[in-house]
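# Commentary on secondary and tertiary structure
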Amino acid sequence: MTLEDRVAWLENVREIEQLKYRYARCCDGGYDLAGFRAIFVPDGTWAANGYGEFHGHEEICDFFQALSQSVLNVLHYVTAPHITLAEDERTATGTFYLHCLSRVRRKHDRSLVDFVVQMGVYTDTFVKTEAGWRFQSIHVNVTHTHRLDTRSETPVTQEADAE
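Note that the structure is predicted; figures quoted are calculated from it, not measured. (Residues numbered from 1 in each chain as written. Predicted model: local features only at pLDDT ≥ 70, side-chain atom pairs only at ≥ 80, totals over all residues. Heavy atoms only, no water.)

With respect to the helices and strands, S152 occurs in strand β6 (residues 132-152). Taking relative accessible area as the criterion, S152 reaches 47% and is therefore assigned partly exposed. Distance from S152 to G50, taken between C-alpha atoms, is 25 Å for residues 102 residues apart in sequence. Not counting residues up to four positions away in its chain, the partners in contact with S152 are S111 and L112. (Helix = DSSP H or I, 4+ residues; strand = E, 2+ residues; numbered from the N terminus. Buried < 20%, exposed > 50% of the residue type's maximum accessible area, 1.4 Å probe, protein only. Contact = heavy atoms within 4.5 Å.)

As structure tokens, then:
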């Protein structure tokens, strides 16, 4: 492998990693629907055990819009990327570990908010487009979900944090 080939490989892997981090920011920033449209190919798929499978921008965005009605705050820690580029360097696969912290409003008593931790593994496919790398699919295998605490909803303020 030439130096140019190695640099191109590193650039592709880094762009894919950055795409995954953009996905996390789309989730953590209040479920940014325009952001999701920008990072998935139009016929892309998002799927997770316990949540469902959604195809195309409209279904993916409808799912995240609905999810945003119950998730008050979320923080995705996406770690340990393992990227495999196809020989043609136009497609790739990747796995990432997930550790996710969230505050979720209860379905049956919306005044209660659960603090939830989830762990899992992402298995993603990527395609290189004229605009750069995009998700063809994201599949989340959620391996653990645990409610750590439940409280009445209270706004988080700096004053409350200082007490």
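There is more to say, and it comes next.
Attention shifts here to helix α1 (residues 3-28). Taking 1.5 Å as the rise per residue, α1 with 26 residues should run 38 Å; its terminal C-alpha atoms sit 37 Å apart, in good agreement. Within the span of α1, buried status applies to N12, V13, I16, E17, L19, K20, Y23, A24, C26 and C27. A positive phi of about 90° marks G30, the residue just after α1. (Expected span 1.5 Å × (residues − 1).)

Quick look at the layout of surface pockets now. By volume, the largest pocket is sized at about 710 Å³. Taken together, 31 residues make up the lining of the largest pocket; nearest its centre are Y51, L67, V71, V104 and Q118. Of all the secondary-structure elements, those providing two or more residues to the lining of the largest pocket are α1, β1 (40-48), α3 (56-67), β3 (71-85), β4 (91-105), β5 (112-129) and β6. Residue composition of the lining of the largest pocket, grouped by class: 19 nonpolar, 7 polar and 5 charged. The computed volume of the second largest pocket comes to approximately 190 Å³. Around the second largest pocket sit 10 residues that line it, and R103, D149, R151, S152 and T154 are the ones nearest its centre. Elements with a contribution of two residues or more to the lining of the second largest pocket: β5 and β6. In terms of residues, the lining of the second largest pocket owes the most to one element, β6, which gives 4 residues. Its residues placed into classes, the lining of the second largest pocket shows 3 nonpolar, 3 polar and 4 charged. (1 Å grid on protein atoms, 1.4 Å probe; cavity = no way out; pocket = protein on both sides within 12 Å on 5 of 7 lines; lining within 4 Å. Points joined across faces, edges and corners; volume = space filled by probe spheres on them. Nonpolar A, V, L, I, M, F, W, Y, C, P; charged D, E, K, R; others polar.)

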